[in-house]
Amino acid sequence: MRTFKTEPSTIVFNLIGYVLLTLLALFCITPFWLMVSGSFSDEMDIVSRGFQIIPDNFSWEAYKSVFQTPEQIYRAYGVTVGLTVVGSLLGLFLTSMAGFVLSRQEFKYRNSFSFFIYFTTLFSGGLIPWYILMVNQLHLKDSYLALLLPPLLSAWNIILMKNFMKSIPDSIVESAKIDGAGEFYIYWKLILPLSTPGLATIGLFLALSYWNDWFLANIFITSPEKYPLQFLLYKILASAAVLQTNAANYVSANVTPPTETLKMAVAVVATGPIVLLYPFVQRYFVKGLTIGAVKG
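Since this is a predicted model, take the numbers as computed values, not measurements.

J.: Tell me about the overall build of the chain, residues and numbers included.
T.: Secondary structure assignment for the chain yields 16 helices and zero strands. By the burial criterion, 36% of the 296 residues in the chain qualify as buried. Within the chain, counting contacts between residues at least 6 apart in sequence, those at least 24 apart form 74% of the total. With an accessible surface of roughly 18,100 Å², the chain has 69% of that area assigned to carbon and sulfur atoms.

J.: Now, about the confidence of the model for the chain: what can you tell me, with residues and values included?
T.: Of all residues in the chain, 85% have pLDDT values of 70 or greater, and the mean over the chain is 81. Between the elements of the chain, mean pLDDT differs from a low of 50, seen in helix H14 (residues 247–253), to a high of 92, seen in helix H7 (residues 145–148).

J.: Account for the pattern of salt bridges, naming residues and giving values.
T.: Enumeration over the complete set of coordinates arrives at four salt bridges. Where Glu61 meets Lys64, a salt bridge forms, and the shortest distance between an N and an O atom there is 3.8 Å. Residue Glu61 and its partner Lys64 are both found in helix H3 (residues 61–66); the two are separated by three residues, about one turn of the helix. Under the relative-accessibility criterion, Glu61 is labelled partly exposed at 44%. Given a relative accessible area of 52%, Lys64 falls into the exposed group. Across the pair Glu183 and Lys177 runs a salt bridge, and its minimum N-O distance is 3.1 Å.

J.: Account for the packing of aromatic side chains, with residues named and values stated.
T.: Scanning the model with the defined rule gives 19 aromatic pairs in all. Geometrically, the ring pair formed by Phe184 and Tyr187 is tilted, given 5.7 Å between the ring centres and 50° between the ring planes. In this pair, Phe184 and Tyr187 are both assigned in helix H10 (residues 183–194), three residues apart and thus about one turn of the helix distant. The class of Phe184 is partly exposed, set by a relative accessible area of 48%. Both rings, one in Phe184 and one in Trp188, keep their centres 6.0 Å apart while their planes meet at 10°; by these two values the pair is stacked. Taken as a pair, Phe184 and Trp188 lie in helix H10 at a separation of four residues, close to a single helical turn. The rings of Phe93, Phe100, Phe184, Tyr187 and Trp188 are connected pair by pair, giving a single aromatic cluster. The ring of Tyr144 carries the charged tip of Lys226 above its face, separated from the ring centre by 5.6 Å.

J.: Explain the side chain of Thr201 to me, and be specific about the residues and the numbers.
T.: As for its position among the elements, Thr201 is in helix H11 (residues 196–212). Exposure remark for Thr201: the relative accessible area of 0% places this residue in the buried category. Here Pro197 takes part through its backbone oxygen, which lies 2.8 Å from a polar atom of the side chain of Thr201.

What counts and how
- Residues numbered from 1 in each chain as written.
- Predicted model: local features only at pLDDT ≥ 70, side-chain atom pairs only at ≥ 80, totals over all residues.
- Heavy atoms only, no water.
- Helix = DSSP H or I, 4+ residues; strand = E, 2+ residues; numbered from the N terminus.
- Buried < 20%, exposed > 50% of the residue type's maximum accessible area, 1.4 Å probe, protein only.
- Contact = heavy atoms within 4.5 Å.
- Areas by Shrake-Rupley, 256 points an atom, 1.4 Å probe, with all protein chains shown as cover.
- pLDDT = per-residue confidence, 0-100.
- Salt bridge = Lys/Arg side-chain N within 4 Å of Asp/Glu carboxyl O.
- Phe/Tyr/Trp six-rings, centres within 6.5 Å; stacked < 30°, edge-to-face > 60°.
- Lys NZ or Arg CZ within 6 Å of the ring centre and 35° of its normal.
- Polar contact = N/O pair within 3.5 Å; in protein donor to acceptor, adjacent residues only side chain to side chain.

Below is the structure:
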């Protein structure tokens with residue numbers, strides 16, 4: 001069996017690449033590790049010596065403060081997970097349907113509809129008219145639909161999906177039509193399986209938007225049992241800050257709520273589960289972005 005000798009210049013190039021990538025990985029991982037380490041540190045250690053790679057004094061106080069009412073955290077987790085799953089699946093279905101229609105050459109008004117969708121990225125109706133529409137016209141105040149509907153369809157995601165589906169050869173669709181396939185069958189059985197990188201990329205965008213959203217709950221949700229996770233954690237942080245700054249309450253309650261470690265613990269609780277999504281969609285993520293980026 002013939003073997004190829006690696007050139008010295010190739011070895012040096014690979015070595016430099018590995019070193020640079022290792023340093024870049026450490027540069028990205030270090031802040032996350034400091035966040036996790038800080039969440040298990042003693043509050044006074046952070047105040048006096050700052051964040052450390054390994055905590056001098058291991059402490060659970062920050063997590064005890066976060067999970068002071070565990071049923072509230074679990075309920076908020078359930079709300080956020082439900083919104084993320086339902087919103088991502090429904091958003092993927094609607095976005096892919098819109099992308100499929102706008103990518104079809106035989107659709108006469110595809111350019112007009114595409115421009116109408118693109119136009120919304122330049123101008124919007126404004127926050128106050130949108131709030132009046134949601135509350136007075138649609139009556140979505142303190143409703144889960146107020147958290148589900150706004151992030152459901154995005155002009156950016158539709159354009160990205162349309163460009164991705166345009167990269168699929170038309171001969172596949174034409175062959176299916178010759179065999180008697182209908183439009184929905186072609187979309188469901190042929191186009192969607194070939195659009196896996198695009199679906200994974202947009203699905204990740206949708207999941208992150210639902211998981212990290214707290215603004216919609218801040219303006220629409222009034223019942224504490226309907227709080228999503230991010231908004232509940234925001235309320236916990238705000239309450240701790242009030243206790244720290246209000247000297248009278250601080251002394252009378254005889255408590256010392258952590259602030260710096262509490263921020264780190266809240267960040268760990270909020271980011272932990274969604275990080276698990278990345279390994280499953282990583283191989284599709286770059287491909288979905290690059291293919292959608294080169295098509296006009």
